[in-house]
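Chains, contacts and geometry: an overview
Residue-level listing of the chains:
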Amino acid sequence: MTKEPVAVVGIGQTKHVAARRDVSIAGLVREAARRALDDAHLAWADIDAVVIGKAPDFFEGVMMPELYLADALGAVGKPMLRVHTAGSVGGSTALVAANLVAARVHRTVLTLAFEKQSESNAMWGLSLPIPFQQPLLAGAGGFFAPHVRAYMRRTGAPDTIGSLVAYKDRRNALKNPYAHLHEADLTLEKVQASPMLWDPIRYSETCPSSDGACAMVLTDRTGAARAPHPPAWVHGGAMRSEPTLFAGKDFVSPQAGKDCAADVYHQAGITDPRREIDAVEMYVPFSWYEPMWLENLGFADEGEGWKLTESGLTELDGGLPVNPSGGVLSTNPIGASGMIRFAEAALQVRGRAGEHQVDGARRALGHAYGGGAQFFAMWLVGAEPPAR
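Residues numbered from 1 in each chain as written. Predicted model: local features only at pLDDT ≥ 70, side-chain atom pairs only at ≥ 80, totals over all residues. Heavy atoms only, no water.

Digging into the overall build of the protein
Note the threshold: For the purposes of this entry, the term helix denotes a DSSP run of H or I that reaches at least four residues, the term strand denotes a run of E that reaches at least two, and both are numbered from the N terminus. Based on C-alpha atoms, the radius of gyration is set beside the globule rule, defined as 2.2 Å times the residue count to the power 0.38. For each residue, the accessible area found with a 1.4 Å probe, counting protein chains only, is set against the maximum for its type, and the residue is called buried under 20%, exposed over 50%, and partly exposed in between. Contacts: residue pairs with any heavy atoms within 4.5 Å of one another. Counted charges follow a simple rule, with Lys and Arg positive, Asp and Glu negative, and His plus the chain ends left uncounted. All charge positions are set by atom: Lys at NZ, Arg at CZ, Asp at CG, Glu at CD.
Tallying secondary structure elements over the protein gives 13 helices and eleven strands in all. Taking 388 residues into account, the globule formula puts the C-alpha radius of gyration at 21 Å, and the protein, at 19 Å, falls close to it. By its C-alpha atoms, the protein is 55 × 45 × 45 Å across when sized along the principal axes. Every one of the 388 residues in the protein was classed for burial, and the buried ones make up 59%. Of the contacts formed within the protein by residues at least 6 apart in sequence, a portion of 77% connects residues at least 24 apart. Separation of charge centres in the protein, based on 36 positive and 42 negative side chains, amounts to 3 Å.

A short note on the pattern of salt bridges
Put simply, the rule is: Any carboxyl oxygen of Asp or Glu that lies within 4 Å of a side-chain nitrogen of Lys or Arg is treated as forming a salt bridge with it.
Tallying each qualifying case throughout the model produces 29 salt bridges. Residue K116 is joined to E119 by a salt bridge in which the shortest nitrogen-to-oxygen separation is 3.0 Å. Under the relative-accessibility criterion, K116 is labelled buried at 3%. Given the relative accessible area of 39%, E119 is considered partly exposed. D169 is the partner of K168 in a salt bridge, and the nearest nitrogen-oxygen pair spans 2.5 Å. By relative accessible area, D169 is classed as buried at 0%. Among the ionic contacts, a cluster of salt bridges with common partners joins K54, D57, E60, E66, R82 and E115.

Things to note about the nonpolar core
Heads up, the condition is: Working definition of a nonpolar core: buried Ala, Val, Leu, Ile, Met, Phe, Trp, Tyr and Cys residues. They are joined through side-chain atoms within 4.5 Å.
Of all hydrophobic cores here, the largest spans 51 residues; its most connected members are Y289, L297, F299 and L365. Of all elements in the fold, only α5 (139-155), α6 (161-173), α9 (255-268), α11 (289-296), α12 (305-311), β10 (363-370) and β11 (375-382) reach the threshold of two or more residues within this core. Tallying contributions element by element places α9 first for this core, with six residues. Leaving out residues up to four positions away in the same chain, F299 has contacts with Y265, P273, R274, I277, V280, L294, L308, L320 and L365. Counting residues in hydrophobic clusters, the runner-up holds 39 residues, among them V51, V83, A345 and A377.

Thoughts on the UniProt feature "domain: Thiolase C-terminal" (unreviewed entry) in the protein
Here is the rule we go by: UniProt positions are given in the numbering used here, feature names are shortened, and annotations may be inferred rather than shown by experiment.
This chain's UniProt record puts "domain: Thiolase C-terminal" (unreviewed entry) on residues 243-374. With 38% helix and 8% strand, residues 243-374 has its two end C-alpha atoms placed 6 Å apart.

Describing unusual backbone geometry
With an omega of 10°, the peptide bond running from D199 to P200 counts as cis. For P200, the position within the fold is in the loop between β5 (196-198) and β6 (201-202). The residue M64 is not glycine, and still its phi comes out positive at about 50°. Tracing the chain through its elements places M64 in the loop between β2 (49-54) and α2 (66-69). Among the residues examined, M64 registers a relative accessible area of 45% and is labelled partly exposed. Although it is not a glycine, A86 sits at a positive phi angle of roughly 55°. One can find A86 in the loop between β3 (80-83) and α3 (89-102).

Side note on the environment of K3
Position of K3 among the secondary structure elements: in the segment before β1 (7-13). In this structure the C-alpha to C-alpha distance between K3 and R104, which are 101 residues apart in sequence, comes to 7.8 Å. Residues contacting K3, with those up to four places away along its chain left out, are A102, R104 and Q267.

Focus: the sheet that holds strand β9 (residues 279-281)
The cut-off we apply is this: By this definition, two strands are paired if DSSP reports at least two bridges between them. Interaxial angles span 0 to 180 degrees and are taken between N-to-C directions of axes, which are lines fitted to C-alpha atoms, for helices over the stretch in contact.
What the nine strands build is an open sheet, ordered β3-β2-β4-β7-β1-β8-β11-β10-β9; its pairing is mixed. Strand pairing shows two members of the sheet lacking a second neighbour, β3 and β9, which therefore form its edges. Each strand axis lies, on average, 25° off the axis of its neighbour in the sheet, ignoring direction. Relative to strand β7 (residues 211-219), strand β4 (residues 108-116) is paired through nine bridges, and the arrangement is antiparallel. If you follow V109 over to β7, its bridge partner there is L218. Each of β8 (232-241), β10 and β11 is contacted by α9, which is oriented at about 150° to β8, the strand it contacts most.

Here we look at the packing of α5 against α11
Operational definition: If an angle is under 35 degrees, it is roughly parallel; if it is over 145, roughly antiparallel; if it lies from 65 to 115, roughly perpendicular; otherwise it is oblique. When the near helix sits turned anticlockwise from the far one by under a right angle, the crossing is termed left-handed; a clockwise turn instead gives a right-handed crossing. Amino acids are sorted into nonpolar (Ala, Val, Leu, Ile, Met, Phe, Trp, Tyr, Cys and Pro), charged (Asp, Glu, Lys and Arg) and polar (every other residue, Gly among them).
In the contact formed by α5 and α11, the axes pass within 10 Å of each other and the chain directions differ by 65°. Relative to α11, α5 is oriented roughly perpendicular. Between α5 and α11 the crossing geometry is left-handed. Contacts between α5 and α11 involve F144, H147, V148, Y151 and T155 on the former and, on the latter, Y289, P291, M292 and E295. Tallied by class, residues from the contact of α5 with α11 come to six nonpolar, two polar and one charged.

Re α11
In terms of burial, α11 is largely enclosed, as eight of its eight residues are buried. Considered for burial, the residues of α11 that qualify are Y289, E290, P291, M292, W293, L294, E295 and N296. On its buried face, α11 sits against α5, α6, α9, α12, β10 and β11. Following α11 by one or two positions, G298 adopts a phi angle in the positive range, close to 85°.

Here it is as structure tokens:
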């Protein structure tokens, strides 16, 4: 039996900020969910199941929060699933929800991811004590900076590339009303003069800590036919993982990322991603990961990713816009960051991205990664239903 086509008919986000002290976690997630339902012109009663995701519970100190969030999400008496794959969890959560529709287990599913980082400190939460981690780094940036250095050595990329990405994404964020960072006075010179945190990663080349949530309503063909706005159709989706450490692991371009992208492209019938995909929402928490993922995802040959960035190809008006929303560099509620990438890709092909809309976008890729570059989740969405 063939899979049921899956459509994204509702998308909702909170305004992402450093601290949402006006709402509880329950209030935060309900705000995003309500906006997604309103976008789809649906009510809580129209939802068959809820799939929720977030990053490690110790970020807020509330264990298994999904148990007490069921009421806020209209899930009392309905199936509710929790997903967790570290930083990629937002993407993985959306894929679990999509698979429930594709398998005809449920017809209409609400999927949501969130983080309220103001109630904890993720950087120190990720700085594990001896003997669980060597005393050489602090936070995720300390873990990934050596991998960036390895990329620079491998490719000969000049040390200015990271600042170009950060400047681009922060300018894109000014066109996105939901983005956390709106730095209207930012210049390239200010990015390059910002303090060095983890060589070669500067302060302005890193993601913020955000409070926020993102929700989507996924449905079948019948539900899509009733939608008030054009849906985004899921053409392919996949997850892959690999160990954090193993002999021969390529930290610069993990095999799991390559395999995940190849699977998604195969499902969607993509043979030349650089020319067949109109926009990319890529998980870039540190600016250097744009050129690194351009290679890992097949948009550039090995060693050539930084040249695409330098050429301006990934600008909003370039041939391959990357992170038109401002990306993770501008908004980072960790548990939701991957889902925001998926949702923003869907907004592009629905033609509902507002000021950061890519002209003529018909196919877009949403990408998420997490852990020690070990968990990957991606989907490709299109303006037209997938070919049967």
